[in-house]
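Below, each chain spelled out in residue letters.
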Amino acid sequence: MGSLCGNLAVLLLFLSPLMHSHLFARASTSSPSITRKKAINVEHFTIVNPNTDYDDFSIVHEVVPSAKSPRLNSEVVNTPCEYNSCLENQEPCEMIKAREGCLCPGVSDEDSPPHAPRIETLRPITTGENAGKIEVQWCAPDSVVSSYKVTVEGSGNDLEFGDGARRATVGSLEVGTKVCVEAINKAGHSSYSDFSCKRYERPELLELQLLAGVIGGGIVLILLLIIVAVVLCRRKMCQKAQQESGGGLGNPSYKSERAS
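Worth saying up front: this structure is predicted, and the values here are computed from it rather than measured.

Caption draft 1: Representation of the pattern of salt bridges in the model. Counted by the stated rule, this structure contains nine salt bridges. Salt-bridge contacts for Arg 167 lead to Glu 88; the nearest nitrogen and oxygen are separated by 3.6 Å. With a gap of 79 residues between them, Arg 167 in strand 7 (residues 167-170) and Glu 88 in the loop between strand 2 (58-61) and helix 2 (93-100) connect regions that are remote in the sequence. Classification of Glu 88 as partly exposed rests on a relative accessible area of 33%. One salt bridge connects Lys 186 with Glu 110, and the closest N-O pair in it is separated by 4.0 Å. Placement of the pair is Lys 186 in the loop between strand 8 (178-185) and strand 9 (188-189) and Glu 110 in the loop between helix 2 and strand 3 (118-124), with a sequence separation of 76 residues. For Lys 186, a relative accessible area of 65% gives the class exposed. Judged by its relative accessible area of 39%, Glu 110 is partly exposed.

Caption draft 2: Representation of the side chain of Glu 135 within the structure. Mapped onto the secondary structure, Glu 135 falls in strand 4 (residues 134-139). Looking at Glu 135, the relative accessible area reads 8%, which means it is buried. A distance of 2.7 Å separates the side chain of Glu 135 from the side chain of Gln 137, its partner in a polar contact. Not counting residues within four places of it along the chain, the set of residues in contact with Glu 135 comprises Thr 121, Leu 122, Arg 123, Ile 125, Arg 167, Ala 168 and Thr 169.

Conventions we followed
- Residues numbered from 1 in each chain as written.
- Predicted model: local features only at pLDDT ≥ 70, side-chain atom pairs only at ≥ 80, totals over all residues.
- Heavy atoms only, no water.
- Salt bridge = Lys/Arg side-chain N within 4 Å of Asp/Glu carboxyl O.
- Helix = DSSP H or I, 4+ residues; strand = E, 2+ residues; numbered from the N terminus.
- Buried < 20%, exposed > 50% of the residue type's maximum accessible area, 1.4 Å probe, protein only.
- Polar contact = N/O pair within 3.5 Å; in protein donor to acceptor, adjacent residues only side chain to side chain.
- Contact = heavy atoms within 4.5 Å.

Structure, rendered in structure tokens:
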């Protein structure tokens, strides 16, 4: 009996390391594997073979195109183009815009009648072969224009000019004669307005009116100066009279002593 118990004890001591290694291996296989997650900065990824274990995941980086708008080669300058609609035979504003990237004023569609141009002045010509005639100067509208027509009231003779024209020479005009400028394109012509028509006024009359205003202002100024001078003179005379009247009375006691 004692030998049997001794043999069992020896057998247990012999089998215990084997059982321990077997249990440890089984526990390691049955417990889930622990892996450290690694931060990956990707825009988009695709998991290949999703049925495999976590350790066998394959991450394929996929390039996603940027949503940003492409950069232009030249920055657009948000400033108006150096275009003066009142100057004659200028380079078209659209060509300046294409070259410099500036902004042109809004232009109406060519299928719409143009807006009315604006008359700047009716200037008499004083020198040269056209001396005595009147020069009409205007500014182009913000519209597509193919030609201009200048109409003089009572003449019955309309003058036409190209789209680049900004001035025209008409005959001598009487004071008060109306001159109008129309813009024309394939859709029609502009309507008359207060700024596309102007009545001629003789510059001599304007100069006379200016001279009369200057003279009138001068007369008013002179009258004001005279009034101020009279007031000051009268005030001074009053002060002098008061001083003389006060000095004439003197000291009564002093006068009585001299008389005695």
